[in-house]
Amino acid sequence: MDTVRVRNLELGTGIPAICIPNIGKSREEILSLTRQYKEMHMDLMEWRADWFEDVESIDNVTKVLTDIREILGNTPLLFTFRTKKEGGVCGLNTDSYISLNKAVASTGTADLIDVELFTGDQDAADLISFIHRHNTKVVASNHDFEKTPAKSDIIYRLRKMQDMGADIPKIAVMPRNKKDLLTLLAATEEMTADYADRPIITMAMAGLGSISRISCEIFGSCMTFGCGEAPSAPGQIGAEELYNILQSIHRILL
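None of the values given here were measured: they were computed from a predicted structure.

Draft legend 1. A look at the pairing of strand S7 (residues 137-144). Among the 8 residues of S7, 7 are classified as buried, and the element is accordingly described as predominantly covered. Pairing between strand S6 (residues 112-116) and S7: 5 bridges, direction parallel. Within S7, the position partnered with Asp114 by the bridge is Val139. Each parallel crossover has a hand, and the one from S6 via helix H4 (residues 121-133) to S7 is right-handed. Here 6 bridges tie S7 to strand S8 (residues 168-173), and the two strands are oriented parallel to one another. Bridged to Val139 within S8 is Ile168. In this fold, S7 hands off to helix H5 (residues 151-163), which returns the chain to S8; that crossover is right-handed.

Pasting the structure below:
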């Protein structure tokens, strides 16, 4: 399996990377959190722009991106606008969603951009291609807040993202019971062992799903999301606690 390098971070080898989502609402809050998170055990930061109070202004989004980039320095940045249908807080129609992500790619300030798989096959494929032409990597994603799909369906979605050219396929699911958690972990292991030629990210959400956030090195997920000030999804563990757990598991696996 090939790894993916983003600035000084190599994804797909060793201890999984810790990504802290920034869900600040105002420019001032976003930048304050960025400064705070940079001092924590964070390998990369995700800006969840759907929380930004002025996200419908592309000009203001790109200005905040420039400020974030200056603070982060060489720390990688993942730009994400999460749509409402996949758990986000702000609604944009498909055309606006595509325009926003293209504008961000054009600035060159984000190292990775999240593209939702179910944007539509052609729209998602075209957006991935556009982002790549601007020398930015793509995390293709799918989030199911209602259930855990069958193992075959999880693998199908991850393979589809890979076939569409995403640098890192990602899926997050909601477990209703312990069997659902095992389904997600088994799908992760099988995808990594049999189909993936690049790093993948998987997780189960809520308290039960927290097991998937700490066992990612064992089953094959290259990244896990830990919260700083506040979680962006149910089940996120504090980044500092997560760091210590991942370090302990890695030592045990050696």
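The rest of the description comes next.
Draft legend 2. Up close: the packing of aromatic side chains. For the structure shown, the criterion picks out 3 aromatic pairs. Between Trp47 and Phe52, the aromatic rings sit 5.7 Å apart at their centres with planes inclined by 55°, giving tilted as the arrangement. Assessed through its relative accessible area of 0%, Trp47 is described here as buried. Residue Phe52 is classed as buried on the basis of its relative accessible area of 6%. With a centroid separation of 6.2 Å and 65° between ring planes, the pair formed by Phe81 and Tyr97 is classed as edge-to-face.

What counts, and at which threshold
- Residues numbered from 1 in each chain as written.
- Predicted model: local features only at pLDDT ≥ 70, side-chain atom pairs only at ≥ 80, totals over all residues.
- Heavy atoms only, no water.
- Buried < 20%, exposed > 50% of the residue type's maximum accessible area, 1.4 Å probe, protein only.
- Helix = DSSP H or I, 4+ residues; strand = E, 2+ residues; numbered from the N terminus.
- Pairing = 2+ DSSP bridges.
- Right-handed = clockwise from strand over helix to strand, strands pointing away.
- Phe/Tyr/Trp six-rings, centres within 6.5 Å; stacked < 30°, edge-to-face > 60°.

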